Each structure stands twice: as C-alpha cells, then as structure tokens.
Amino acid sequence: MRQSTASAQSPLPIAILISGRGSNMSVIAERAAAHDIPVDVRVVVSDQPQAAGLAIAASMNIPTLSISPREHLDRASYEAALARALDAYAPRLIVLAGFMRILSPTFV
C-alpha cells in the first residue's frame, strides 16, 4: 500500500503565536498529536502573559513563552525579541492562531 506524500514526510516544525484563549492553537496541537496533520508544534508564544492558551499548551507538554510588547521600547525591538525567541525552536512555519498583533513587513 502506498503512503500519501504528507504522511511519508517528516512533520513540519512550527511555532504558534496566540493572544488569548488558544482555541485555534489547541485544535492544531491536538491534530498534530494525533498525527492528523504533519506538523510538530515546537513552541507556543503569546504577547499576553496571562493568556489562557499558554496553560493549555503547557498541559499538552508544549514549551511556552510570553513576550510582552510592554517590555520593549518599540515595535522593532519587540519583533527582534520575538524573532530571537522563535529562532531557538527552529520553526519552518509560524502560525498566527488568534495572535492579535500586527507584525511588520520586516518581521514577516
């Protein structure tokens, strides 16, 4: 029996950015854990330290980070900190799942 292309490939390493409850993130993470989608959720990052989605991700044994824009002087320094944090997890794709911050063209 021939395997589909998606199931024959290694899972795509992703990072998920959230701002709140994490409902979209949790669906992605659950589907990834069940091997329904070929992704490896490496980290969940929120711009809101109290985001409920961080607790959900942690309960699923996914590393979590909170990077608050309030701790940075401007958008450029916030995005630089976010990029450095994400680089540590080597994602090939960054998924914005309810992330309520507009990212600059430089970051994208």
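Here, every reference points to the structure presented above.
Parameters and conventions
- Residues numbered from 1 in each chain as written.
- Predicted model: local features only at pLDDT ≥ 70, side-chain atom pairs only at ≥ 80, totals over all residues.
- Heavy atoms only, no water.
- Helix = DSSP H or I, 4+ residues; strand = E, 2+ residues; numbered from the N terminus.
- Buried < 20%, exposed > 50% of the residue type's maximum accessible area, 1.4 Å probe, protein only.
- Arc of directions from axis to C-beta.
- Contact = heavy atoms within 4.5 Å.
- Pairing = 2+ DSSP bridges.
- Axes fitted to C-alpha atoms, helices over the stretch in contact; angles between N-to-C directions.

As for the environment of Arg75
Point 1. Relative to the helices and strands, Arg75 is located in helix 4 (residues 75-87).
Point 2. Through-space distance from the C-alpha of Arg75 to that of Pro63 is 24 Å; in sequence the pair is 12 residues apart.

Here we look at helix 2 (residues 23-33)
Because each turn of an α-helix spans 3.6 residues, side chains separated by three or four positions end up pointing in the same direction.
Point 1. Buried residues of helix 2: Met25, Ser26, Ala29 and Ala32, and no others. The arc enclosing the buried residues of helix 2, seen along the axis, measures out at 130°, which places them on a common side.
Point 2. Packing partners of the buried residues in helix 2 comprise strand 1 (12-18), strand 2 (39-46) and helix 3 (52-59).
Point 3. His35 lies just past helix 2 and shows a positive phi near 65°.

Focus: the sheet that holds strand 1
Backbone-to-backbone hydrogen bonds pair the strands of a sheet. The strands run either parallel or antiparallel.
Point 1. One open sheet holds the four strands; their spatial order is 3-2-1-4, and the pairing between them is parallel. With partners counted over all chains shown, the strands left at the sheet margins are strand 3 (64-66) and strand 4 (93-96), one partner each. Averaged over all pairs of adjacent strands, the angle between their axes in this sheet comes to 25°, without regard to strand direction.
Point 2. As judged from the three bridges shared by strand 2 and strand 3, these two strands associate in the parallel manner. Residue pairing across strands places Ser46 opposite Ser66, the latter belonging to strand 3.
Point 3. Taken strand by strand, helix 3 contacts strand 1, strand 2 and strand 3, and its axis lies near 160° from that of strand 3.

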